[in-house]
Amino acid sequence: MPKAYVFTRFGGPETEALVDQDRPSPGPGQLLVSVRAAGVNPVDYKQRNGYARPGQAARELPAVLGNEAAGVVEEIGEGVTGFAVGDAVFGNPVGGGYAEYTLLPVAVTAHKPDSVSFTDAAALPVAGATAYDGIRQLDLPAGSTLLITGAGGGVGVAATQIARAFGVKVIGTAGAGKKDFVESLGAVHVPSGPDFVADVRAAAPDGVDAVYDLIGGEVLEAAAELLTDRTKLITAGGKDIVGRLGGAPVARARTAAILDEVARLVADGKLNPFVTQTFPLTRAAEALRLVEDGHARGKIVIEVTG
């Protein structure tokens, strides 16, 4: 039987297990995909801990982990057009991506360009698309200065490159060990820590025009003080507090069109997902621990088959 990596109840890593799972059948508007690669993101362990987006139905347990997948279409559900068996695709799965088979709804599924690997494509539906949505939301003119907190993580790496592709100057906070990495993306590195605001002011004496926060909490509150126009404060990490600071959460489009745009940036050489480590499905626990413990640089991907 096909394998899948699941959590059997809400809680910590002790709830995870590699199990046999029946091959799913695609419903209307869905594709059954043989998974080649699955991206790993912080939202994966947050869902295991019990997190659900507003309006999202509670997941049935055991639930497969993962919110990004790339693979090959095996079956097509009722009403699906624009896709055929054998197509290489990537998107946001229904019911998890850490599995040999998953279901992708066509509304959030795109064709994988031939020049983009399955591994890189699997790093795009959450991190790449979130980064793209945020940069588009800020709509900064070329020459503006953008602060990205958490620039060394999956979303931060993508957001830095996309902003630079649009001609925006980037200051990125990250740990001291990621200095060379952040600078290689074309950003000015500022060490994360209690003094980061002073360091940002030193790096940008004329101020910053916008903040894309990926950390939340005290970091978001401190970064907000750098702005006179709080409409240019967005966050993917502090949605619970950003409203009272005058900013807004990243407005996620969650469309196939955005996935097409992000994949085009990769194909054109303007965006490197920076998949720094890969793991087989049998070592999914190790992959998720790297992200959960905050030790990942760039993107972590589980390579499933083929």
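Model, not experiment: these values are computed from the prediction.

The rules behind each value
Residues numbered from 1 in each chain as written. Predicted model: local features only at pLDDT ≥ 70, side-chain atom pairs only at ≥ 80, totals over all residues. Heavy atoms only, no water. Pairing = 2+ DSSP bridges. Helix = DSSP H or I, 4+ residues; strand = E, 2+ residues; numbered from the N terminus. Buried < 20%, exposed > 50% of the residue type's maximum accessible area, 1.4 Å probe, protein only. Polar contact = N/O pair within 3.5 Å; in protein donor to acceptor, adjacent residues only side chain to side chain. Contact = heavy atoms within 4.5 Å. Axes fitted to C-alpha atoms, helices over the stretch in contact; angles between N-to-C directions. Phe/Tyr/Trp six-rings, centres within 6.5 Å; stacked < 30°, edge-to-face > 60°.

Q: Describe the sheet that holds strand S2 (residues 16-20), with residues and values.
A: Reading across from one edge, S2-S1-S4 is the order of the 3 strands in this open sheet, with antiparallel pairing throughout. Across the chains shown, the open sheet's two edge strands, defined by having one partner strand only, are S2 and strand S4 (63-64). Bridging between strand S1 (residues 3-7) and S4 involves 2 bridges; their strand directions are antiparallel. The residue bridging valine 6 from the neighbouring strand is valine 64, located in S4.

Q: Tell me what's going on with the side chain of serine 144, and back it up with residues and numbers.
A: Along the chain, serine 144 turns up in the loop between helix H3 (124-138) and strand S9 (145-149). With relative accessibility at 7%, the residue serine 144 sits in the buried group. A distance of 2.8 Å separates a polar side-chain atom of serine 144 from the backbone oxygen of proline 141. When neighbours within four sequence positions are excluded, serine 144 is seen to be in contact with Val168, Lys169 and Asp209.

Q: Describe the pairing of strand S3 (residues 30-40), naming the residues involved and giving the relevant values.
A: The side chains of a regular strand alternate between the sheet's two faces. The buried count for S3 comes to 11 of 11 residues, which makes it a mostly enclosed element. Examined bridge by bridge, S3 and strand S7 (residues 101-105) share 5 bridges and lie antiparallel to one another. Across the sheet, the residue bridging to leucine 32 is leucine 103, located in S7. Bridge count for S3 against strand S5 (residues 69-76) is 6 bridges, and the pairing is antiparallel. Bridge pairing in S5 places valine 35 opposite glycine 71. As judged from the 4 bridges shared by S3 and strand S16 (residues 299-303), these two strands associate in the antiparallel manner. Counterpart to alanine 38 in the pairing with S16 is isoleucine 302.

Q: Which residues make up the sheet that holds strand S13 (residues 233-235), and what values do they have?
A: Taken together, 6 strands build an open sheet; the order of strands is S11-S10-S9-S12-S13-S14 and the sheet is parallel. Whereas interior strands pair on both sides, the edge strands pair on one side only; in this sheet they are strand S11 (188-191) and strand S14 (248-249). Taken together, the 2 bridges between S13 and S14 define a ladder with parallel strand orientation. From the neighbouring strand, threonine 235 faces S14, where its bridge partner is proline 249. Along the sheet, H3 contacts S9, strand S12 (210-213), S13 and S14; its crossing angle with S12, the most-contacted strand, is approximately 160°.

Q: Go over the packing of aromatic side chains, please, and point to the residues and values.
A: Applying the stated rule across the entire model yields 3 aromatic pairs. Measuring from centroid to centroid gives 5.8 Å for phenylalanine 7 and phenylalanine 10, while their planes differ by 45°, and the two rings are tilted. On the basis of relative accessible area, phenylalanine 10 is assigned to the partly exposed category, the value being 43%. Ring centres 5.1 Å apart and planes at 85° place the aromatic pair phenylalanine 181 and phenylalanine 274 in the edge-to-face group. On the criterion of sequence distance, the pair formed by phenylalanine 181 in helix H5 (residues 179-184) and phenylalanine 274 in the loop between helix H8 (256-267) and strand S15 (275-280) is long-range, its members being 93 residues apart. Look at phenylalanine 181 and you get buried, because its relative accessible area is 9%. Residue classification places phenylalanine 274 among the partly exposed positions, given a relative accessible area of 23%.

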